[in-house]
Amino acid sequence: MNQPDIDWKHLPFGYYPTDYNVRCYFRDGKWGEIEVSQSDKIELHMAATSLHYGQELFEGLKAFRGKDGKIRIFRLEDNGTRLQDSANGILMEPVPADLFREMVIKAVKLNERFIPPYGSGASLYIRPLEIGISPSIGVRSATEYMFMIMVTPVGPYFKTGFGCTDICIMRQYDRVAPRGTGRYKIGGNYAASLAASHHAHEMGYSAVLFLDPKEKKYLDECGPANFFAIIDGKYVTPKSDSILPSITNRALQQLARDMGIEVEERHITVDELEKATEAGACGTAAVISPVGTIHDEDTGKDYVISADRKPGPVCTALYERLNAIRLGEYPDEYGWNTIVE
Ligand SMILES: *Cc1c(COP(=O)(O)O)cnc(C)c1O
């Protein structure tokens, strides 16, 4: 297997071309055969529902080269289930679990030479994507769908070590509506958040900590990640219908319980941040992005979570444990890894 000439440690989180992608079409009421392609282009009808009415959803998961040399895909089944939830949420055709699994494994195997070596901190990012492809000018859901999976190697999220970032609260933007589509992993939610993120970046913050869109009282989604804080020694994370159920967050909750830390999924008011001893944004990309300061743009208040800008002990322990499981360095007690034979 000839290894590509990649500087794994300095690889960005971007699109690096790989050898193959896999595709499957839903037509005439059924899913067809899995197709393997070497092209990174797709041909699409200009009236496809995905282009006009936002029928697009995606997933994000990772494969790792473990300590033992084996390839592990983290929480494949859960990503498949969530993809089905997203499909049902915006009236698209859900991809059957078996098909999802087969295609993810196929995409990883075909591109095995792009799986970063153990110890590099890099991983193979897997991006499943579904779009409505049948033409329609009237607003309705498509009758035909394309499901594809691309993979691309991504570098370590923390290039200079596991470190803190600052985030901000801004009440002038909502990512989603109270009973809208926030709990689905769809492109539309991202389009709706771009202006807010851009504004935050311009002010020097890495993400917007959105408040609940109904009352603007409770903490909600943190940019493209879930939020949690350590308050009174407990792992506290927002309970909300408008956030995406992060699989990383669920894993961290389990690991916290295993470490004897109580977990609470509940409404969290902004002023409770005064009591937070640690906080983090969590998701597949970074696992945990520890938070230094949370700036409230409307009141001018700064909630300093980490004065020395170092990740706290709980964030560090959770981060290390989750990484160790994904790399086969720590027992996978919950069967989260799919080992690719
Ligand atoms: C993907 C995503 C997350 C993180 O989910 P994971 O399953 O942990 O990767 C959180 N919030 C949003 C809006 C997302 O799209």
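Scroll up to find the structure.
Residues numbered from 1 in each chain as written. Predicted model: local features only at pLDDT ≥ 70, side-chain atom pairs only at ≥ 80, totals over all residues. Heavy atoms only, no water.

So what exactly am I meant to see when it comes to the overall build of the protein chain here?
Across its full length, the protein chain holds 6 helices and 18 strands. Dimensions of the protein chain, computed from C-alpha atoms along their principal axes, come out at roughly 55 × 50 × 35 Å. Counting every position in the protein chain, which comprises 341 residues, the buried fraction comes to 52%. When the accessible surface of the protein chain is totalled, it reaches about 15,600 Å², and 50% of it is carbon and sulfur. Both charge centroids of the protein chain, one from 38 positive and one from 47 negative side chains, sit 2 Å from each other. (Helix = DSSP H or I, 4+ residues; strand = E, 2+ residues; numbered from the N terminus. Buried < 20%, exposed > 50% of the residue type's maximum accessible area, 1.4 Å probe, protein only. Areas by Shrake-Rupley, 256 points an atom, 1.4 Å probe, with all protein chains shown as cover. Lys, Arg positive; Asp, Glu negative; His and termini not counted. Charge placed at Lys NZ, Arg CZ, Asp CG, Glu CD.)

Just to check I follow, could you spell out the site of the ligand for this structure?
Lining the immediate environment of the ligand, one finds 14 residues, of which Lys-185, Tyr-190, Ser-246, Thr-248 and Thr-284 sit closest. The side chain of Tyr-190 places a nitrogen or oxygen atom 2.4 Å from an oxygen atom of the ligand. Ile-247 places a main-chain nitrogen or oxygen 2.9 Å from an oxygen atom of the ligand. A total of 380 Å² of accessible area belongs to the ligand in isolation, and the protein chains cover 95% of it. At a threshold of 2 Å from the grid points, most atoms of the ligand map onto the largest pocket. Its residues assigned to classes, the shell around the ligand shows 5 nonpolar, 5 polar and 4 charged. (Near = heavy atom within 4 Å. Polar contact = N/O pair within 3.5 Å; in protein donor to acceptor, adjacent residues only side chain to side chain. 1 Å grid on protein atoms, 1.4 Å probe; cavity = no way out; pocket = protein on both sides within 12 Å on 5 of 7 lines; lining within 4 Å. Sits in = over half its atoms within 2 Å of the grid points. Nonpolar A, V, L, I, M, F, W, Y, C, P; charged D, E, K, R; others polar.)

How should I be thinking about the pairing of strand β16 (residues 287-296) in this particular structure?
Every other side chain in a regular strand lies on the same face of the sheet, so the side chains alternate between the two faces. A large share of β16 lies buried, amounting to 10 of its 10 residues. The pairing of strand β9 (residues 165-169) with β16 spans 4 bridges and is classified as parallel. When the sheet's bridge partners are listed, Ile-167 is paired in β16 with Ile-294. Pairing between strand β15 (residues 276-283) and β16: 4 bridges, direction antiparallel. Following the sheet pairing, Gly-280 is matched in β16 by Pro-290. Pairing geometry for β16 and strand β17 (residues 302-304), over 3 bridges, is antiparallel. Across the sheet, residue His-295 finds its bridge partner in β17, namely Asp-302. (Pairing = 2+ DSSP bridges.)

Help me out: how do you make sense of the packing of aromatic side chains in this one?
Where two aromatic rings form a pair, the distance of their centres and the angle of their planes describe that pair. Tallied over the full model, the rule gives 10 aromatic pairs. Relative to Tyr-125, the ring of Phe-13 lies with its centre 5.3 Å away and its plane at 65 degrees, an arrangement referred to as edge-to-face. Residue Phe-13 is found in the segment before β1 (21-27), and its partner Tyr-125 is found in strand β7 (residues 123-132); the two are separated by 112 residues along the sequence. One aromatic cluster is present, formed by Phe-26, Trp-31 and Tyr-145 through successive ring pairs. It is Lys-301 that lies over the ring of Tyr-303; its NZ or CZ is 5.2 Å from the centre. Of note, Arg-326 hangs over the ring of Phe-74, and the distance from its end group to the ring centre comes to 6.0 Å. (Phe/Tyr/Trp six-rings, centres within 6.5 Å; stacked < 30°, edge-to-face > 60°. Lys NZ or Arg CZ within 6 Å of the ring centre and 35° of its normal.)

Is there a simple way to explain the pairing of β15 in this structure?
Burial of β15 is extensive: 7 of the 8 residues sit out of reach of the surface. Inspection of the sheet shows strand β12 (residues 226-231) paired to β15 by 6 bridges, in the antiparallel sense. The residue of β15 that forms the bridge with Phe-227 is Ala-281. As consecutive antiparallel partners, β15 and β16 are separated by 3 residues.

It is not clear to me how the packing of helix α2 (residues 76-89) against helix α3 (residues 97-110) should be interpreted in this structure. Could you clarify?
Helix-helix packing: each pair is described by the crossing angle between the helix axes and the interaxial distance. The interhelical angle for the contact between α2 and α3, taken along N-to-C directions, is 125 degrees, at an axis separation of 10 Å. Of the possible angle classes, the one that applies to α2 and α3 is oblique. Note that α2 runs across α3; the crossing there is right-handed. Counting all contacts with α2, which are made through Leu-76, Glu-77, Asn-79, Gly-80, Leu-83 and Gln-84, the residues of α3 involved are Ala-97, Phe-100, Arg-101, Val-104 and Ile-105. Residues of the contact of α2 with α3, tallied by class, amount to 6 nonpolar, 3 polar and 2 charged. (Axes fitted to C-alpha atoms, helices over the stretch in contact; angles between N-to-C directions. Parallel < 35°, antiparallel > 145°, perpendicular 65-115°, else oblique. Left-handed = near helix turned anticlockwise from the far one by under 90°. Contact = heavy atoms within 4.5 Å.)

Before we go on, may I ask you to explain the environment of Phe-227 in this structure?
Structurally, the position occupied by Phe-227 is in strand β12. Along the sequence, Phe-227 and Ser-246 sit 19 residues apart, while their C-alpha atoms lie 9.6 Å from each other.

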